[in-house]
Each structure stands twice: as C-alpha cells, then as structure tokens.
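Here is what each chain is made of, one letter per residue.
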2 protein chains.
Amino acid sequence: MYRLYHAPLSPFCRKVRLVLAEKRIEAELLEERYWERSSDFLRRNPAGKVPILRVDGRNLAESQAICEYLEETVPTPALLPKDADARYEVRRLCAWFDDGFFREVTSNLLYERVNKKIQGAGYPDSGKVKAGTKAIKFHLDYMAWLLDKRRWLAGDEMTLADFAAAAHLSALDYTSDVDWGRNEGVKNWYATIKSRPAFRGILSDQVPGFMPPPHYADLDF
Amino acid sequence: MYRLYHAPLSPFCRKVRLVLAEKRIEAELLEERYWERSSDFLRRNPAGKVPILRVDGRNLAESQAICEYLEETVPTPALLPKDADARYEVRRLCAWFDDGFFREVTSNLLYERVNKKIQGAGYPDSGKVKAGTKAIKFHLDYMAWLLDKRRWLAGDEMTLADFAAAAHLSALDYTSDVDWGRNEGVKNWYATIKSRPAFRGILSDQVPGFMPPPHYADLDF
C-alpha cells in the first residue's frame, strides 16, 4: 500500500509520480499544503518537504532516495542501467536538474510566480524571473547538445534522468515558461516522454487560480 | 589513476575525500578556484561546481553521484548497506545534510564568513549568520536524537551518511561554528569518526587567512 503526499507542480513530486506510474505501482495521492507545516506533516518528514511516500507504515522522504528505493524494490521496468559508468551519468543528470536547474530555473520562475501566490508569500521578484528566463535557454541548449549524441538524456535507454528533467519541464510548461521552438531535439524528446501512459496523471493536474495553456496536455503540441 | 579537483572547506569535496580515503583509493588532490570559472574548469564540469573526480580520462561531477559510483566500482569497505530499507535511510540522510543542512547551516555560516572573503564577494550578511547559528542547534539535536537510537547516523554500521554529516561538521568546526558541548552523543560520534585514518587529510587542511582553532585537528577535543 503506497500513499504519496505531494504538491501538484512540485518537480520533485512529479519525478516520484512518474516513477510510480512507470513501474505500475498504484499509489493514493494526497495533496499536502507543506508550507503550512502542520505538526502531522512535520512528524512524517522533519525536513518539511514534499514528496513523502508512505510505504507499509514508513514515511520516505527526499525524492532521489525514494526513486532509488523504488528502483531497488520494484526493479521492473528498470530506470537505472546496469553498468556503473552509465548509472553514474543518470545520477549526475538527476542532480543537474534537481540542484542546478531547480536553483537557476524552476525556483526563479515557477516558485516566484506560482508558489508565492498560492502560499500568500508576496509578489514575484522580477530580477529572479529575469534570471530564470535567461537560465532556461542555457539549460535547453545543454539538453539539445546531449540529445544530439543520445536517444535519451543519459544514453540510449530512457532512465530516471529523463523523468527528473521532464518533471521540471512539465511543471514549467504548465506556466508557459518553456520555449519549445528553441530546440527541435528537446521538443521531440519531450513529445516522446509526454506520450507515455505514466505521464497521464501529471497532464491532468489542475491548480486553482492557474489554468494551464491549451498545449499543456496536448500530445501533439 | 584518480585526480580530485576540490576546495578544502567544501563539504561536498570533503565527503568525496573521505570516501576515497576510506576505500584506500589514492587520488591526486588539486585545488580549484571554482568561482573564477576558468574555461578549462567549465569544460570539465559545465555545472561550475567542485568536486570533480577525474577517473581514466573522464570527469565525474556531483558529489552524491561520485560517491555512488565509487561504492559500485570499489565496493570494499562498503559504505552502503545491502538491504533496500537501510540503503534508503543512508541516502535520505545524505540528502538531509547536502540539501537542508547545507542550505540552513553551512551556506549561512561558512559561505558567508569564509567563502565570501576568499572570493572577494563582500561582507557576511549578519541575518544569514544569525539564521545559521540558530539552525545548527536544531540539526545537532536531530543528530543526537538519531544517535540515541543508533550507533551511527543511519543504523548500526558506519555509512556514507556519517561521512556526509562529518564533511559538513568538520568544515564548520574549522571556523569554530560547532558547539560540541551541546550533545554528548554527537561529540562522541564525531570523536570516533574523526579518529579514523580517512580523516587525516582534512584535519591537516590549511586555508590562507583562516587559521583553524587548536581543537580542530585534536582527536581528544
């Protein structure tokens, strides 16, 4: 019995949701207003963050640790390769997106525009939004450079790295922050991963007060 | 042939140095002035961060991905347990220190006081230093709570989680930011890990302009 406490546009929650769905693990989804830091929530995760995956009475935190756990306990389909060099590259790219991309892009765009409003935390900082708008171009170009040499981000098989990247980009696409016209390779990669059954859940997300653009859930965008 | 590009007080570099030393992997250490973002450096790691581990001509980045790689390629002595639940707990705690502890403590204390000066990036923000001084108490208490139930942070064996924590605390100890009188369990844990041969390298670090306190390298502090 799996239950995920999550926030719909959180890229870290989306990564875990994609892994759960790809591995066909049924999980009950519960939205968590994590910024209200309820005592129940802090007991489940003293770090005060989502996602939290409840498995057989244990509360698991930290999205990358959760994904590695799911990979080890439900190994099929595999989202990490067998070879150590290839596994390293997947983990490097997960960190690339969950650390650098998050700090430079997701937190500057999505968190400034959406999270602040939902949490009543004031207005977007225009300097940060500008920095995010500039940084996403560099990151899309880096992805294009990788995809020019590889079928998927970390190699010729789809891995957790693709889900980490798609989790961020799909959340940013909800607020029209991704210029899909910039790199054809990136657009084709996203079209392929977006059409997987595992993606259906996040394409049907609705955040009150923020309507996604029509192309958000369109597989032929 | 291993070569590590590092910065002496970086907790992420220290974690990798501890793992290399514990696994008796000889590595050449080269200090990298990463904030100058030389083109050679950015070619090695476009994310612009240390550590970078050069192995057989490849440049590996992201400290956690590097440590997992070292664990898979040089498995003895093991720094991750065999059981999936136990491995999860190690990875959760690595993220606890490298994400939350880093953001709330290390970046507010060490980066404000030391890195800014070394990099000529201005004066410490007193609000951040104050927040860090407050946050480290919560984190030391959390460690004490864990160590009250366990011999080591993630269980009854020493793991990568202990090295992740010790990497941050040793860097903060260099600037006298750790109150070892607060929790006896934490002090005993640190005394044990500090006395390992793997720790010798980081205890002999010297950063020009910043002398460590006398107790820094003292095993009987």
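Predicted model, so just to flag it, every value in this text is computed and none were measured.

1. Focus on helix α4 (residues 84-118) of chain A
All names here are of chain A.
Now for step 1: With 35 residues, α4 extends only 42 Å from end C-alpha to end C-alpha; this falls clearly short of the ideal 51 Å at 1.5 Å per step.
Now for step 2: Largest kink in α4: about 70°, centred on Phe102.
Now for step 3: Gly120 lies just past α4 and shows a positive phi near 60°.

2. Quick word on the nonpolar core
Now for step 1: Counting 68 residues, the largest nonpolar core has B:Leu53, B:Leu70, B:Leu93, B:Phe97, B:Met143, B:Leu153 and B:Trp189 as its most contacted members.
Now for step 2: A domain split of this core shows at least three residues from each of domain 1 (2-73) and domain 2 (84-199) of chain B.
Now for step 3: Every residue in contact with B:Leu53, bar those within four places of it in the chain, is listed here: B:Tyr2, B:Arg3, B:Leu4, B:Leu20, B:Arg58, B:Asn59, B:Leu60, B:Ile66 and B:Leu70.
Now for step 4: One finds A:Leu4, A:Leu9, A:Val16 and A:Ala135 within the second-largest nonpolar core, a separate group that totals 67 residues.

3. A short note on the pairing of strand β2 (residues 27-31) of chain A
All names here are of chain A.
Now for step 1: One ladder, built from five bridges, connects strand β1 (residues 2-6) with β2; its direction is parallel. The partner of Tyr5 across the bridge, within β2, is Leu30.
Now for step 2: In this view, the connection linking β1 to its parallel neighbour β2 by way of helix α1 (residues 11-22) has right-handed handedness.

4. Some remarks on the relation of the copies chain A and chain B
Superposing the two chain copies requires a rotation about an axis and a translation along that axis.
Now for step 1: For the pair chain A and chain B, the best superposition has an RMSD of 0.0 Å and corresponds to a rotation of 180° with a translation of 0.0 Å parallel to the axis. The superposition operator between the copies reduces to a two-fold rotation axis. Scanning chain A for the C-alpha nearest the rotation axis identifies A:Asp99, at a separation of 4.5 Å.
Now for step 2: Counting the interface residues of chain A, we find that 100% of their copies in chain B are interface residues as well, pointing to one common contact surface.

5. With respect to the interface of chain A and chain B
Now for step 1: Counting residues at the interface gives 26 residues for chain A and 26 residues for chain B.
Now for step 2: Summing both sides of the interface, chain A and chain B together bury roughly 2,100 Å²; the carbon and sulfur share of this comes to 57%.
Now for step 3: Three residues, A:Glu72, A:Tyr88 and A:Arg91, lead the burial of chain A against chain B; their summed loss comes to 26% of the area buried on that side.
Now for step 4: Remark: the boundary between chain A and chain B carries ten salt bridges.
Now for step 5: With its nearest N and O atoms 3.1 Å apart, the salt bridge here joins A:Asp85 to B:Arg58.
Now for step 6: Linking chain A to chain B there are twelve residue pairs in polar contact (both at pLDDT 80 or more).
Now for step 7: Looking at the side of chain A that touches chain B element by element, the count peaks at ten residues for α4(A).

6. Regarding the packing of helix α1 (residues 11-22) of chain B against helix α4 (residues 84-118) of chain B
Now for step 1: Contact pair α1(B) / α4(B): the axes reach a minimum separation of 11 Å and the direction vectors enclose 115°. Residues B:Pro11, B:Phe12 and B:Lys15 of α1(B) lie in contact with α4(B), whose contacting residues are B:Asp98, B:Phe102, B:Thr106 and B:Tyr111.

7. Description of the environment of A:Ile118
Now for step 1: On the secondary structure map, A:Ile118 appears in helix α4.
Now for step 2: For A:Ile118, the residues in contact, after removing those within four places along its chain, are A:Trp35, A:Val207 and A:Phe210.

8. Details of the domain arrangement of chain A
All names here are of chain A.
Now for step 1: Here the domain parsing of chain A yields domain 1 (2-73) and domain 2 (84-199).
Now for step 2: In this structure, domain 1 and domain 2 have C-alpha centres spaced 20 Å apart.
Now for step 3: Listed by partner, the interface residues are 15 residues for domain 1 and 23 residues for domain 2.
Now for step 4: Interface area for domain 1 against domain 2, summed over the two sides, is near 1,700 Å², with a carbon-plus-sulfur share of 65%.

9. A word on the sheet that holds strand β3 (residues 52-55) of chain B
Residues and elements named next belong to chain B.
Now for step 1: Strand order across the open sheet formed by four strands is β2-β1-β3-β4, with mixed pairing between neighbours. Strands with a single pairing partner mark the edges of an open sheet, and in this sheet they are β2 (27-31) and β4 (58-61). Direction aside, neighbouring strands of the sheet carry axes that sit 25° apart on average.
Now for step 2: Contacting β1 (2-6), β3 and β4, helix α3 (residues 63-73) runs over the sheet at an angle of about 120° to β4.

10. With respect to the pattern of salt bridges
Now for step 1: Overall, the coordinates contain 46 salt bridges over all chains when judged by the stated rule.
Now for step 2: Here A:Glu112 makes a salt bridge to A:Lys116, at a shortest N to O gap of 2.9 Å. Of this pair, A:Glu112 and A:Lys116 both sit in helix α4, four residues apart, roughly one helical turn.
Now for step 3: As a salt-bridge pair, B:Arg182 and B:Asp141 come within 2.8 Å of each other at their nearest N and O atoms. Linking B:Arg182 in the loop between α6 (160-174) and α7 (184-194) with B:Asp141 in helix α5 (residues 126-149), this pair joins segments that are 41 residues apart in sequence.
Now for step 4: The structure contains a network of salt bridges with shared partners spanning A:Glu68, A:Glu72, A:Arg87, A:Arg91, B:Glu68, B:Glu72, B:Arg87 and B:Arg91.

Conventions and cut-offs
- The residue count restarts for each chain, going from 1 along the sequence in the order it is written.
- Starting at A for chains and at 1 for ligands, labels are handed out in the order in which the entities are written.
- In keeping with the model being predicted, local features are shown solely for residues with a pLDDT of at least 70 and side-chain atom pairs are shown and tallied solely at 80 or more, while totals for entire chains, interfaces and linings include all residues.
- To get the side-chain values, take all heavy atoms of the structure and skip hydrogens and water.
- Only runs of H or I of at least four residues qualify as helices and only runs of E of at least two qualify as strands under DSSP, and these elements are numbered from the N terminus.
- Helices are assigned an expected span. That span is 1.5 Å times one less than the residue count.
- Fitting one axis to the seven residues ending at a residue and another to the seven starting there, the bend at that residue is the angle between the two axes.
- Grouping buried Ala, Val, Leu, Ile, Met, Phe, Trp, Tyr and Cys residues that are joined through side-chain atoms within 4.5 Å yields what is termed a nonpolar core.
- Buried, partly exposed and exposed residues are distinguished by accessible area as a fraction of the type maximum, computed with a 1.4 Å probe on protein chains only: under 20%, between the cut-offs, and over 50%, respectively.
- Reported domain spans reflect what an automatic or database domain assignment gives.
- Contacts are residue-level and defined by heavy atoms, with any inter-residue pair within 4.5 Å sufficient.
- Should DSSP find at least two bridges between two strands, the strands are taken to pair.
- Viewed with both strands pointing away, a crossover whose connecting path from the first strand over the helix to the second turns clockwise is right-handed.
- In superposing the copies, a least-squares fit is computed on C-alpha atoms, taking residues whose pLDDT is at least 70 in both.
- By definition, the buried area sums, over both parts, the 1.4 Å-probe accessible area that each loses when the two are put together.
- Salt bridges are counted wherever a side-chain nitrogen of Lys or Arg sits within 4 Å of a carboxyl oxygen of Asp or Glu.
- Two N or O atoms form a polar contact when they lie within 3.5 Å of each other; inside protein one atom must be a possible hydrogen donor and the other a possible acceptor, and for residues adjacent in sequence the pair counts only when both atoms belong to side chains.
- The axes are straight lines fitted to the C-alpha atoms, using for helices just the contacting stretch, and the angles between their N-to-C directions are given from 0 to 180°.

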